[in-house]
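# What the coordinates show
Residues per chain are reported as follows:
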Amino acid sequence: NGSDTSPRACDVLVIGGGPAGSTAATLLARQGVSVIMLEKDPHPRFHIGESLLPCNMALLRDLGVLDKVRDIGVFKPGAEFVSDRGEGRLAFPFRHAISPRDTHAYQVRRSEFDEILFRNAQAHGVETLEGLRVTEARFAPRQPTHVVAQDEAGQTHTFTPRFVLDASGRDGFLARRFHTRHADKNNSTAAIFAHFRNVVRREADMEGYISIHLVDDGWFWMIPLRDNIMSVGFVGDKNAFSGQTGPKTDLFWKKVAESPSVAERLAPAEQLGELTTTGNYSYCADKTWGEGYYMIGDAFAFLDPVFSSGVLLAMKSAYRGARVAQAWLRNPAEGRKVARHEEQCTRAEMRRVAWLIYGINDPVQRELFLNPRNVLRMRDAIISLLAGDFVGRLRVQVPLLAFRAVLQTMRWKWAS
Ligand code: FAD
């Protein structure tokens, strides 16, 4: 073990080279900012979260990688929700959305997708260092920031950036360090997942749809990938996991057995590799920023992935992080102002989709969600939300308000 002697200076240091880090790094480098991005796991590396949303397309186009993503992806024209409990089954084709401009997305192996974004950042002039894990960051007023990272040989490397973007994903490097991360009590869940070959796929005009199978205390995703591979996972709430003795992975097959629509599709399938679990995974940090840093993507907050919103939220928050960093480099007072504003926007955007996610296991909401009437374009507004439009345009938000009013009335009737 050893240490290098000369700290490296740069304008912005990005911790983590997932979608959030690579996006922010590319945007900054495009503006002539000197950026170093550190990634602990060399690309390509496995990551869960393979289904993108139509609103991702504009961002990928802007970054110049849309063609490459199309080449590795499975065309996704919509999302399908299925319930075996008599609540129904409904396809939500993105072409019926009120917005956005793009009416499809792609489903991708994240090892390939994340590498495309990472190499794109490199091509834009970002200095990327793989196999370097950030282990320490010291921020002090009127003193240079020190970030320390360790390589795979145990050698330490020190950096003195003018600003830090934390894009370390669920590791949440700064939020954990500052003890600002809190579990989301509305949505405390865990996931169990694996890749399978030969799962029964949807055909004809449903080809490429993501399927969400709603079961008791949770839901399954089925995401079609290339080469006849299907990503399949179960996400359960607290009830699903309570009383579970033995490995959590046993619950996967128990839940498959309880859901005829899932069991039927998995019957001819071959499992590839072990089932993996991710526990207690919804959380949010108290704040996105502090003196000299801003958190983006999962490093700040994570919402249950039932609507495949994670990569989009991460990339959008990267655009915000890049704006904050640029303002900070001009002048920290301006940086603080922009950081406050961007934090509010991120929180508002998450709230716009969180209410629907929190209710996903509520029988009343399921009933309405799977049988929405298109009065006032309520159904089309839900499709816009599923396409990733969390912006707050009136023509989407007004019908969503109507949907929520109907939902409240139904809940009230159900309770009385
Ligand atoms: P990440 O993609 O996690 O990237 C963070 C990077 O930082 C990693 O490469 C990591 O190695 C690196 N890193 C961490 N710590 C350090 C350190 N100390 N030093 C250096 N590098 C470090 N989203 C969707 O859009 N669609 C889905 O279908 C979907 N399904 C999901 C299913 C599950 C079960 C889960 C858990 C998530 C799912 N998501 C989905 C969410 C999505 O995966 C994330 O929101 C997205 O990856 C966030 O991107 P990010 O760049 O913030 O973090």
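Residues numbered from 1 in each chain as written. Predicted model: local features only at pLDDT ≥ 70, side-chain atom pairs only at ≥ 80, totals over all residues. Heavy atoms only, no water.

### What to know about helix α4 (residues 110–123)
If you check α4, its first and last C-alpha atoms are 19 Å apart, about what 14 residues at 1.5 Å a residue would give, namely 20 Å. Turning to α4, its buried residues are Arg 110, Ser 111, Phe 113, Asp 114, Ile 116, Leu 117, Phe 118, Asn 120 and Ala 121. Residues of α4 that are buried sit in contact with α1 (19–30), β2 (35–39), α2 (54–63), α3 (66–72), β7 (127–130) and α9 (310–330). A positive phi of about 105 degrees marks Gly 125, the residue just after α4. (Helix = DSSP H or I, 4+ residues; strand = E, 2+ residues; numbered from the N terminus. Expected span 1.5 Å × (residues − 1). Buried < 20%, exposed > 50% of the residue type's maximum accessible area, 1.4 Å probe, protein only. Contact = heavy atoms within 4.5 Å.)

### Quick notes on the domain arrangement of the protein chain
Under the domain assignment used here, the protein chain contains domain 1 (8–73 + 109–181 + 285–353), domain 2 (189–278) and domain 3 (362–415). Centre-to-centre separation of domain 1 and domain 2, based on C-alpha positions: 30 Å. With 14 residues of domain 1 at the contact, the number on the domain 2 side is 15 residues. For the domain 1 and domain 2 pair, buried surface summed over both sides reaches about 1200 Å², with 58% attributable to carbon and sulfur atoms. Across the salt bridge formed by Arg 109 and Asp 227, the nearest N and O atoms sit 3.8 Å from each other. The interface formed by domain 1 and domain 2 includes five residue pairs in polar contact (both at pLDDT 80 or more). The class makeup of the residues in the side of domain 1 that touches domain 2 is five nonpolar, three polar and six charged. (Domains from an automatic or database assignment. Buried area = accessible area lost by both parts, 1.4 Å probe. Salt bridge = Lys/Arg side-chain N within 4 Å of Asp/Glu carboxyl O. Polar contact = N/O pair within 3.5 Å; in protein donor to acceptor, adjacent residues only side chain to side chain. Nonpolar A, V, L, I, M, F, W, Y, C, P; charged D, E, K, R; others polar.)

### Focus: the nonpolar core
Ranked by internal contacts, the top residues of the largest apolar core, which has 118 residues, are Leu 60, Phe 81, Phe 113 and Phe 307. Sorting elements by how many residues they give to this core places α9 first, with 12 residues. Excluding anything up to four places from it in sequence, Phe 113 contacts Pro 19, Leu 52, Leu 60, Val 69, Ile 72, Val 108, Val 311 and Met 315. Counting 19 residues, the second largest nonpolar core, distinct from the first, contains Ala 194, Met 222, Leu 251 and Val 262. (Core = buried A, V, L, I, M, F, W, Y, C linked by side-chain atoms within 4.5 Å.)

### Here's the deal with the sheet that holds strand β11 (residues 181–183)
The sheet built from three strands is open, its strands ordered β11-β17-β20 with antiparallel pairing. The strands lining the two open edges of the sheet, one partner per strand, are β11 and β20 (301–302). Sheet analysis places strand β17 (residues 283–285) next to β20, joined by two bridges and oriented antiparallel. Along β20, the bridge assignment pairs Tyr 283 with Phe 302. (Pairing = 2+ DSSP bridges.)

### Examining the site of the ligand
Taken together, 36 residues lie around the ligand, and Glu 39, His 47, Ser 51, Arg 110 and Val 311 are the ones closest in. Within the side chain of Arg 45, an N or O atom sits 2.9 Å from an oxygen atom of the ligand. Here a nitrogen atom of the ligand sits 3.2 Å away from a polar atom, N or O, in the side chain of Asp 171. In the complex, the protein chains occlude 97% of the 990 Å² of accessible area that the ligand would expose alone. (Near = heavy atom within 4 Å. Areas by Shrake-Rupley, 256 points an atom, 1.4 Å probe, with all protein chains shown as cover.)

### Here's the deal with the packing of α1 against α4
Interhelical geometry of α1 versus α4 gives an angle of 20 degrees and a closest axis separation of 8 Å. Overall, the two elements α1 and α4 adopt an arrangement that is roughly parallel. In this structure, α1 crosses over α4, and the sense of that crossing is left-handed. The residues of α4 that touch α1, namely those facing Pro 19, Ser 22, Ala 25 and Thr 26, are Arg 110, Phe 113, Asp 114, Leu 117, Phe 118, Asn 120 and Ala 121. For the contact of α1 with α4, the per-class residue count stands at six nonpolar, three polar and two charged. (Axes fitted to C-alpha atoms, helices over the stretch in contact; angles between N-to-C directions. Parallel < 35°, antiparallel > 145°, perpendicular 65-115°, else oblique. Left-handed = near helix turned anticlockwise from the far one by under 90°.)

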